[in-house]
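Architecture and fold: a report
Chain by chain, the residues:
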Amino acid sequence: MKRVAILVSGSGSNMVALAESMVGDHPARPVLVLSNVPGAGGLARAAALGIPTAVVDHRPFGKDRAAFEAALQAELEAARPDILCLAGFMRVLTEGFVGRWQGRMLNIHPSLLPKYRGLDTHGRAIEAGDTEAGCTVHEVTAELDGGPILGQARVPVLPGDSPEALATRVLPMEHRLYPAVLRRFAAGDRRPVTLP
Ligand code: GRF
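Residues numbered from 1 in each chain as written. Predicted model: local features only at pLDDT ≥ 70, side-chain atom pairs only at ≥ 80, totals over all residues. Heavy atoms only, no water.

The number of helices and strands found in the protein chain is six helices and eight strands. Put simply, the protein chain runs from its N terminus to its C terminus through helices and strands in the order β-α-β-α-β-α-β-α-β-α-β-β-α-β. Here the C-alpha radius of gyration of the protein chain, 16 Å, is about what a compact globule of 196 residues would show, namely 16 Å. Dimensions along the principal axes, computed over C-alpha positions, put the protein chain at roughly 50 × 40 × 30 Å. Taken across its 196 residues, the protein chain has 49% of its residues classed as buried. Relative to all contacts within the protein chain whose residues are 6 or more apart in sequence, the contacts with residues 24 or more apart total 61%. (Helix = DSSP H or I, 4+ residues; strand = E, 2+ residues; numbered from the N terminus. Rg over C-alpha atoms; globule rule 2.2 N^0.38 Å. Buried < 20%, exposed > 50% of the residue type's maximum accessible area, 1.4 Å probe, protein only. Contact = heavy atoms within 4.5 Å.)

This is the structure we're talking about:
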């Protein structure tokens, strides 16, 4: 049984989808939800699901990313995860931290990578006149939003879409894609998942 730690910074809707998928004959179980934001909504939702939680507030560390990541690592070592899932985790991780977890760390990004790495992905897709958008689950490497793609889900961009409208259309697909990818990944299967 693989042990999964999920890192969140916000509402944790992807964390909930992942946690609720890890039941029955699923080869993994959630062992920790870790946030850099005290009071993040995802922490209360994890506690309600009976998942242990921890907070490592990044603010006291200022620009000392290595010290912040050492504190993350300490919490993670206590939970002994086999897999890390970044789920709405909004801190850029250094090469040092990524190197320790490479090959065992996933992230979900709200664009069809390699398009629109970074922020404001939906606004940029609309601005570019794209007719489709979506989300990508990828392995995390030192290159931001650049690791091997493990799954993608596509949605149409409709005339007059605002970034919020597009985000609302993409988010439910994230909640389907990430659990599907994690289930395969935890079973050692890296064949990409494509939705729909
Ligand atoms: C989602 O759009 C996800 O793609 C991005 O963070 C947003 C919020 O995620 N990574 P969550 O609701 O906190 O899981």
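For the ligand, the full set of nearby residues is Ser11, Gly12, Ser13, Asn14, Gly88, Ile108, Pro110, Leu171 and Glu174. Within the complex, the protein chains bury 80% of what would otherwise be the 370 Å² of accessible surface of the ligand. Cavity membership is defined here by more than half of the atoms lying within 2 Å of grid points; on that basis the ligand lies in the largest pocket. Contributing elements (two or more residues each) for the shell around the ligand: helix 1 (13-21) and helix 6 (163-186). Of the residues in the shell around the ligand, the class split is three nonpolar, five polar and one charged. Two domains each put at least three residues into the shell around the ligand: domain 1 (1-101) and domain 2 (107-196). (Near = heavy atom within 4 Å. Areas by Shrake-Rupley, 256 points an atom, 1.4 Å probe, with all protein chains shown as cover. 1 Å grid on protein atoms, 1.4 Å probe; cavity = no way out; pocket = protein on both sides within 12 Å on 5 of 7 lines; lining within 4 Å. Sits in = over half its atoms within 2 Å of the grid points. Nonpolar A, V, L, I, M, F, W, Y, C, P; charged D, E, K, R; others polar. Domains from an automatic or database assignment.)

What follows concerns helix 3 (residues 65-79). Under the 1.5 Å per step criterion, the end-to-end length of helix 3 is 21 Å for 15 residues, consistent within 8% with the ideal 21 Å. Residues of helix 3 that are buried include every one of Phe68, Glu69, Leu72, Gln73, Leu76 and Ala79, and no others. Along the long axis of helix 3, the arc covered by the buried residues comes to 140°, so they all point the same way. Projecting away from the buried face of helix 3 at angles above 90 degrees are the exposed residues Ala66, Glu77 and Ala78. Taken together, the buried residues of helix 3 touch strand 1 (2-8), strand 2 (28-35), strand 4 (83-86) and helix 4 (95-101). Trailing helix 3 by a residue or two, Arg80 shows a phi angle of about 50°, which is positive. (Expected span 1.5 Å × (residues − 1). Arc of directions from axis to C-beta.)

Once that is clear, we can look at the domain arrangement of the protein chain. Accessible area lost during the coming together of the parts is what is often quoted as the interface size. Taken as a whole, the protein chain is organised into domain 1 (1-101) and domain 2 (107-196). Each of domain 1 and domain 2 has a C-alpha centre, and these two points are 20 Å apart. Of the roughly 1500 Å² buried between domain 1 and domain 2, counting both surfaces, carbon and sulfur atoms make up 70%. Linking domain 1 to domain 2 there are one salt bridge. One salt bridge connects Asp25 with Arg183, and the closest N-O pair in it is separated by 2.7 Å. (Buried area = accessible area lost by both parts, 1.4 Å probe. Salt bridge = Lys/Arg side-chain N within 4 Å of Asp/Glu carboxyl O.)

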